[in-house]
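# Summary of the model geometry
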Amino acid sequence: MEDIIIVGAGIAGLTAALECKRAGLSYRILEACDQPGGRARSRSLSSGRVIDLGAHWLHGEGNPLQAELDRYGIGYRRDTGEAIYIQENGELRQAGDDWLDTAIDHDRADAIKSGQAPDCALTELAANPEAHRMLADFALLWDGVDPPVVPSALEFLSDENTPGGLEIEGGMGALIGRMAEEAGLARIHLRTSVSRVAEADDGVRIQAMDGSQWLARRVLFTGSLGVLKSNMVTFQPPLSGDFHEHLAGLVMGRVNKIVIECDPAFLAAREIPVDMAIELLDGDPPHFCHVHSGGEPVIQLYVAGRQAERIEGMTPAEALDYAVGVLRPVAALRGFDMHVVSPAIVTRWVANPYSRGAYSCCLPGAKRSGPRMEGAVVFCGDTFDTRFPASVAGACLSGRAGARMAIEALGVKVAEVA
Ligand SMILES: Cc1cc2nc3c(=O)[nH]c(=O)nc-3n(C[C@H](O)[C@H](O)[C@H](O)COP(=O)(O)OP(=O)(O)OC[C@H]3O[C@@H](n4cnc5c(N)ncnc54)[C@H](O)[C@@H]3O)c2cc1C
């Protein structure tokens, strides 16, 4: 019997494992996929370049994963998020630092933040009708939700994830690799898809699809909100009504990427700035594109909402054609398809049964919480953090806090870690 079994080897699960290791407890990680990382996964191209299939930036000030990069000696650079351009009405213009700020009715925002006014839909924060559309586009491109789903204004106002952030040398995979190594590769059981978690007299019994069975004193479940809501894992006793109500206030946003590697000479000849971010607002739906990401000759086209789901079946050739169509209005990128050096990559985060979407979004009036303990099972991951919701930072903080809850429930004192 293990002290703790962790379901999922994403950022939350690996952070939790390191916390268990520090506390001197025995633990195992059961991971459904054939590699760790979850939605923070990278892939090497034939050129040797590494691209991020999911998370790319460590957003926000005080991101807890920066300390981990420093501890491992992994390099990174800062994308200040200043090279933001807006393609609208047939023109490309640089957005000011305050492009989103000017869209907001600040009196109403202050009242909501201080609790004097109730939470509302993000779009209702608009300072004027034009700003309403800008906030609707933001909800789609940032949260991955399209109408009738609208994010909570309060979460938008309190979220510490800000555009841009740290970009990791070697991609998210470099960090995941080091965390997995430190957690102990022999303790991570890949291709082990958990189907049932049941409390019994002798502990918590965990059953996997391959027939394997496990026994632990406590379980940490880090599967995404989409996985939790899909009921692909049965819990005994069943999740409480209160927990179901909590989950009903959150929805899974849909975001996919088309990643295209170009000849570096193309971007250099066009003088494309490093980390150029373009909001393409003329199309229906709008798109977000990140070019020259981290100084690499890579174009990342973000496709959100219903459209994210539609592109999932595309072949690399179809995905390239799609990107050409979306980027046609951007004069500086015209002809990029003649300088592509490897097949386009299309992610499939919605169809993936172990993510079922990109990340969670909080609905108006609902409230997120930190990790939740239901009997002997602690639920944590990017859905369960209020400071950096729906991000790798949130997953890290939640995995750490969730592990501490489980460790303390076993009567072990947790040493404070900065
Ligand atoms: C396209 C995209 C772009 C993003 N961009 C950013 C960004 O720039 N910055 C940022 O901070 N965040 C970003 N995110 C969000 C970020 O990737 C996630 O918030 C974070 O990685 C979640 O980590 P986690 O450990 O909570 O969950 P996950 O990464 O989902 O880890 C959960 C793990 O559990 C496993 N699992 C699920 N079900 C089972 C089961 N039944 N049995 C066993 N294992 C199971 C999964 O395979 C997975 O490995 C992005 C996400 C996407 C999809």
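Residues numbered from 1 in each chain as written. Predicted model: local features only at pLDDT ≥ 70, side-chain atom pairs only at ≥ 80, totals over all residues.

Regarding its fold elements, the protein presents 12 helices and 23 strands. Against the globule reference of 22 Å for 418 residues, the protein gives a C-alpha radius of gyration of 21 Å, in line with a compact fold. Projected onto the principal axes, the alpha-carbon positions of the protein cover approximately 65 × 55 × 40 Å. Taken across its 418 residues, the protein has 48% of its residues classed as buried. Of the contacts made within the protein by residues no fewer than 6 positions apart, 71% connect residues no fewer than 24 positions apart. (Helix = DSSP H or I, 4+ residues; strand = E, 2+ residues; numbered from the N terminus. Rg over C-alpha atoms; globule rule 2.2 N^0.38 Å. Buried ≥ 20, exposed ≤ 12 C-beta atoms within 10 Å, placed from the backbone. Contact = placed C-beta atoms within 7 Å.)

Strands sit in the order β5-β9-β6 across an open sheet of three strands; the sheet is antiparallel. The sheet is open, and its two borders are formed by β5 (57–58) and β6 (76–79), each paired with just one other strand. With two bridges connecting them, β5 and strand β9 (residues 165–168) associate as antiparallel partners. Considered in β9, the bridge of Leu-58 is made with Leu-166. (Pairing = 2+ DSSP bridges.)

Quick look at the site of the ligand now. By nearness alone, 40 residues border the ligand, and Gly-8, Gly-10, Gly-38, Gly-381 and Ser-391 come closest of all. Taken together, the residues of the shell around the ligand break down into 22 nonpolar, 14 polar and four charged. (Near = placed C-beta within 6 Å. Nonpolar A, V, L, I, M, F, W, Y, C, P; charged D, E, K, R; others polar.)

The next point concerns the domain arrangement of the protein. Here the protein is described as being made up of domain 1 (2–77 + 167–250 + 367–409) and domain 2 (81–158 + 255–346). Here the C-alpha centre of domain 2 lies 28 Å away from the C-alpha centre of domain 1. With 11 residues of domain 1 at the contact, the number on the domain 2 side is 10 residues. Here the side of domain 1 that touches domain 2 is built from residues that sort into three nonpolar, three polar and five charged. (Domains from an automatic or database assignment.)

Between two packed helices, the angle of one axis relative to the other and the distance separating the axes together describe the packing. At a minimum axis separation of 7 Å, helix α1 (residues 11–22) and helix α12 (residues 392–409) run at an interaxial angle of 40°. Classified by the angle their axes make, α1 and α12 are oblique. Crossing angle aside, the handedness with which α1 passes α12 is right-handed. Residues Ile-11, Ala-12, Gly-13, Thr-15, Ala-16, Glu-19 and Cys-20 of α1 pack against Val-392, Ala-395, Cys-396, Ser-398, Gly-399, Arg-400, Gly-402, Ala-403, Arg-404 and Ile-407 of α12. The residue inventory of the contact of α1 with α12, partitioned by class, reads nine nonpolar, five polar and three charged. (Axes fitted to C-alpha atoms, helices over the stretch in contact; angles between N-to-C directions. Parallel < 35°, antiparallel > 145°, perpendicular 65-115°, else oblique. Left-handed = near helix turned anticlockwise from the far one by under 90°.)

Below, the discussion takes up the nonpolar core. Among the nonpolar cores identified, the biggest contains 66 residues, and Ile-258, Cys-289 and Ala-323 are the most heavily contacted of them. Considering every element that reaches this core, the biggest residue donor is helix α4 (residues 129–143), with seven residues. No fewer than three residues from each of domain 1 (2–77 + 167–250 + 367–409) and domain 2 (81–158 + 255–346) sit in this core. Excluding its chain neighbours within four sequence positions, the residues that come into contact with Ile-258 are Leu-301, Val-303, Ile-311, Ala-319, Tyr-322, Ala-323, Ala-344 and Val-346. (Core = buried A, V, L, I, M, F, W, Y, C linked by C-beta atoms within 7 Å.)

Take the sheet that holds strand β8 (residues 91–94) next. Reading across the sheet, the seven strands line up as β8-β7-β17-β18-β19-β16-β20 and stay open at both edges, with mixed pairing between neighbours. In the strand order of this sheet, the two ends are held by β8 and β20 (345–346), each with one partner. In the sheet, strand β17 (residues 276–280) pairs with strand β18 (residues 287–291) via five bridges, with the strands oriented antiparallel. Directly across from Ala-277, in β18, lies its bridge partner His-290. Helix α11 (residues 316–327) rests against β16 (255–261), β17, β18, β19 (298–304) and β20 of the sheet, and its axis sits at about 95° to β16.

This brings us to the pairing of β18. Most of β18 sits out of view: five of its five residues are buried. Connecting β17 to the next strand, β18, in antiparallel fashion are six residues. Where β18 meets β19, four bridges bridge the pair, whose relative direction is antiparallel. Within β19, the residue paired with Phe-288 across the bridge is Tyr-302.

A word on the packing of α1 against helix α6 (residues 171–183). Contact geometry for α1 and α6: axes closest at 9 Å, N-to-C directions at 35°. Like other packed secondary-structure pairs, α1 and α6 cross with a definite hand, here left-handed. Residue-level contacts link Leu-14, Ala-17, Leu-18 and Lys-21 of α1 to Ile-176, Met-179, Ala-180, Glu-182 and Ala-183 of α6. Each residue belonging to the contact of α1 with α6 can be placed in one class, and the counts come to seven nonpolar, no polar and two charged.

Side chains Tyr-27 and Ile-29 project from strand β2 (residues 27–30) onto one buried face, and the interleaved Arg-28 and Leu-30 project onto a second face that is buried too. Bridge analysis of strand β1 (residues 2–7) against β2 gives four bridges, and the strand direction is parallel. Paired with Ile-5 across the strands is Arg-28, a residue of β2. Each parallel crossover has a hand, and the one from β1 via α1 to β2 is right-handed. By the bridge criterion, two bridges tie β2 to strand β10 (residues 188–189) in an arrangement that is parallel. Each bridged residue has a counterpart across the sheet, and for Ile-29 the counterpart in β10 is Ile-188. (Right-handed = clockwise from strand over helix to strand, strands pointing away.)

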